[in-house]
Amino acid sequence: MGAGHHHQLYLPGDSVVHRLPPQCKLLAVFAFAIVVVATPRERFWAFAAYAVLLGAVALVARVPGTYVLRRMAIEVPFVLFAFLIPVIGLGERTTILGMSLSVPGLWAAWNILAKATLGVIASILLAATTEPRVILIGAQRLRLPALLVQIAMFMLRYMDVIVDEMRRMRVARESRGFEARDLRQVPVIARSAGALFIRSYERGERVHLAMLSRGYSGQMPILHDISASVRQWGIALALPAVALAVWGLSW
Amino acid sequence: MGTFVVNSLDVRQLAYAYPDGTQALFGVDLSIARGERVALLGPNGAGKTTLVMHLNGILTAGHGSVTVAGTPVRKDTLKEIRQRVGLVFQDPDDQLFMPTVKDDVAFGPANAGVRGEELDRVVKDALERVGMLEAADRPPHHLSFGQRRRVAVATVLAMAPEILVLDEPSSNLDPAARRELAEILRSLDVTVLMVTHDLPYALELCERSLILSGGVIAADGPTRELLSDAELLAEHRLELPYGFAIPAV
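What you are looking at is a predicted structure, and each value in this text was computed from that prediction instead of being measured.

Chemist: Teacher, can you tell me more about the overall build of chain A here?
Modeler: Scanning chain A for helices and strands turns up ten helices and two strands. The N-to-C order of helical and strand elements in chain A reads α-α-α-α-α-β-β-α-α-α-α-α. Radius of gyration (C-alpha) of chain A: 23 Å, far over the 18 Å computed for a compact globule of 251 residues. A principal-axis box enclosing the C-alpha atoms of chain A has dimensions of 60 × 55 × 30 Å. Out of the 251 residues belonging to chain A, those deemed buried represent 25%.

Chemist: Any chance you could explain the domain arrangement of chain A here in plain terms?
Modeler: A common way to state how big an interface is: give the accessible area lost once the parts meet. Residues and elements named next belong to chain A. When the domains of chain A are assigned, the result is domain 1 (16-139 + 227-249) and domain 2 (145-213). A C-alpha centroid distance of 33 Å is found between domain 1 and domain 2. Opposite the four residues of domain 1 that make contact, domain 2 presents four residues.

Chemist: Help me understand the sheet that holds strand S9 (residues 208-213) of chain B in this model?
Modeler: Neighbouring strands of a sheet are bound in pairs by backbone hydrogen bonds; such pairs are parallel or else antiparallel. Residue and element names in this part refer to chain B. The strand order across the open sheet formed by six strands is S6-S7-S8-S3-S9-S10, and the pairing between neighbours is mixed. This sheet does not close on itself; its edge strands, each paired only once, are strand S6 (85-88) and strand S10 (216-222). When strand polarity is set aside, the average angle formed by the axes of neighbouring strands in this sheet is 20°. In this sheet, strand S8 (residues 191-196) lies alongside strand S3 (residues 37-41) in parallel orientation, the contact comprising five bridges. Residue pairing across strands places Val-38 opposite Leu-193, the latter belonging to S8.

Chemist: Help me out: how do you make sense of unusual backbone geometry in this one?
Modeler: Where the residue is not glycine, phi is negative for most of them; where a peptide bond is considered, it is trans in most cases. Even without glycine at this site, Arg-143 of chain A takes up a positive phi of about 60°. Relative to the assigned elements, Arg-143 of chain A resides in the loop between helix H7 (132-141) and helix H8 (146-175). Given 9 C-beta atoms within a 10 Å radius, Arg-143 of chain A is considered exposed. Phi at Gln-13 of chain B is positive, roughly 45°, even though this residue is not glycine. C-beta crowding within 10 Å serves as the criterion here: with 13 such atoms nearby, Gln-13 of chain B is assigned to the partly exposed category.

Chemist: Explain the confidence of the model for chain B here, please?
Modeler: Predicted coordinates in areas of low pLDDT are best not read in detail. Mean pLDDT over chain B works out to 92, with 98% of the residues at or above the 70 mark. Across the interfaces of the predicted complex, the ipTM metric reaches 0.84, alongside a pTM of 0.82.

Chemist: Explanation requested: the confidence of the model for chain A in the structure shown.
Modeler: Residues and elements named next belong to chain A. Overall, the prediction assigns chain A a mean pLDDT of 88, with 97% of residues at 70 or greater. Ranking the elements of chain A by mean pLDDT puts strand S1 (residues 93-96) last with 80 and helix H2 (residues 22-38) first with 95. Taken together, the stretch residues 1-5 has pLDDT below 50 and engages in eight contacts with residues farther than four places along the chain or on a different chain.

Chemist: So what exactly am I meant to see when it comes to the pairing of S3 of chain B here?
Modeler: Strand residues, when the strand is regular, have side chains that alternate between the two faces of the sheet. Residue and element names in this part refer to chain B. Counting buried positions over the five residues of S3 gives five, a clear majority of the element. Residue alternation in S3 divides its side chains into two sets, Arg-37, Ala-39 and Leu-41 and Val-38 and Leu-40, and both sets are buried. Sheet topology places S3 next to S9; four bridges connect them, and they run parallel. Across the sheet, Leu-40 pairs through a bridge with Leu-210, a residue of S9.

Chemist: What am I meant to see in the packing of helix H3 (residues 44-61) of chain A against helix H10 (residues 230-249) of chain A here?
Modeler: Between two packed helices, both the angle of their axes relative to each other and the distance between the axes serve to describe the pair. Residues and elements named next belong to chain A. For the pair H3 and H10, the least separation of the axes is 10 Å and the interaxial angle reads 165°. If you check the angle between H3 and H10, you find them roughly antiparallel. Remark: the crossing between H3 and H10 carries right-handed chirality. Within the contact between the two elements, H3 uses Ala-46, Ala-49, Tyr-50, Leu-53 and Val-57 and H10 uses Leu-239, Val-242, Ala-243, Val-246 and Trp-247.

Chemist: Before we go on, may I ask you to explain the interface of chain A and chain B in this structure?
Modeler: At the interface, 22 residues of chain A touch 24 residues of chain B. At the level of secondary structure, the elements contributing two or more residues to the side of chain A that touches chain B comprise H8 and helix H9 (186-213) of chain A. Broken down by element, the side of chain A that touches chain B gets its largest block of residues, eight residues, from H9 of chain A. Here the residues of the side of chain A that touches chain B sort into twelve nonpolar, four polar and six charged.

Chemist: Any chance you could explain the sheet that holds strand S4 (residues 63-68) of chain B here in plain terms?
Modeler: Residue and element names in this part refer to chain B. Strand order in the open sheet formed by four strands is S2-S1-S4-S5, and the pairing between neighbours is antiparallel. Of all the strands in the sheet, just strand S2 (23-32) and strand S5 (71-72) have a single pairing partner and so form its edges. Relative to S5, S4 runs antiparallel, the two sharing two bridges. Bridge pairing in S5 links Val-68 to Thr-71.

Parameters and conventions
Residues numbered from 1 in each chain as written. Chains lettered and ligands numbered in written order. Predicted model: local features only at pLDDT ≥ 70, side-chain atom pairs only at ≥ 80, totals over all residues. Helix = DSSP H or I, 4+ residues; strand = E, 2+ residues; numbered from the N terminus. Rg over C-alpha atoms; globule rule 2.2 N^0.38 Å. Buried ≥ 20, exposed ≤ 12 C-beta atoms within 10 Å, placed from the backbone. Domains from an automatic or database assignment. Contact = placed C-beta atoms within 7 Å. Pairing = 2+ DSSP bridges. Axes fitted to C-alpha atoms, helices over the stretch in contact; angles between N-to-C directions. pLDDT = per-residue confidence, 0-100. Parallel < 35°, antiparallel > 145°, perpendicular 65-115°, else oblique. Left-handed = near helix turned anticlockwise from the far one by under 90°. Nonpolar A, V, L, I, M, F, W, Y, C, P; charged D, E, K, R; others polar.

Written as structure tokens, this is what we have:
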């Protein structure tokens, strides 16, 4: 919530990466992810090269490794799932540390883990060097569906308002002696969630009225048209371009 | 009065019933001259908000008419009307929906086709008038409630409205923020209709008041006179706060 003036994923800075127009960075990350996903899982050294590439971007953007590591917690559920695959997988088996593991399962786990990790790191670097609202400006610029961009924009704006409302409801519940101990308390929480939904819906209607009052007619006015120079596109696309070269060499 | 003087706002015989059949307005008549600051007083449920929603065409009159600076509120004039009637909503979180203060103030004029340097100038000017220029690049949810309300006023000022309509401007403000807003409103050179049940605030800011009660205008006169009439106030569920006496002129 209201801590600091920046979103928690954003790391204020003034590096080359920070200054790149958002549409260039968005497209670069997207293209990089495609190259990574298209790389056969047996090409270990290609993945190592991709990791080095991201390391170089982090270095240029002055994003510390510890920062990236902490943000990677979001990947944990996928990691757990990936670790399960060799245990429950079928086919040829091998024994590692006294455990019988499936060989195709191990390959699948490695495939998921390597590609997801590279994708997550690339996204973290994008988020760390680009303010969320600026990412949306980039999305607008890349002609992503306007409705989706608007929905994301409102989510960004009202997230804190709704979280705050949720907190007030929790305080109100607990002030009257409510404690969530076990499953029997679920109906109470569910009703709170329902009330929160209704309140948010009503707020949505009021916001819409406020928008209409100021001349909204279905289109968000484009307030920031950040244009990118050829040089900026060049810098941003260097990442997927080098990755593509690595991919080409790996055949 | 000369008929050639165009009022900022004219409401004639306005009646409205909600789709569920509840009649909220029963024939409202009121006129506000250019440059006036008028308070619209009334208890909760008197139809104040319903009336406000008619002023910029969010609700359309069941019967009667609303005219803003000579332009009737109709479907084909909506765009122009919304440019001329600046509505400041009660909850600034409803009004400030853009990622930054600056973008929010720019929203209205940008919808009206203002672009580039002209847009920057309009935004800067509006923020300056409410003393919030230094917050231009901040997200609205990092501002205090009073600051957010001032930005909400700026979002509307940026559209250079004919009339500024404020719904409960003093609600949820601490005493200092309340005074600061009063100073800002007094400094604006624009027609104001202030909907409130904060009677001292009405007395402080508006020479003239209207009492809306039971869906009609029950009284119209100098604020000082209306608030001195204890019987009139009691009849319409209005009360001065404890210990408040109307100060001598």
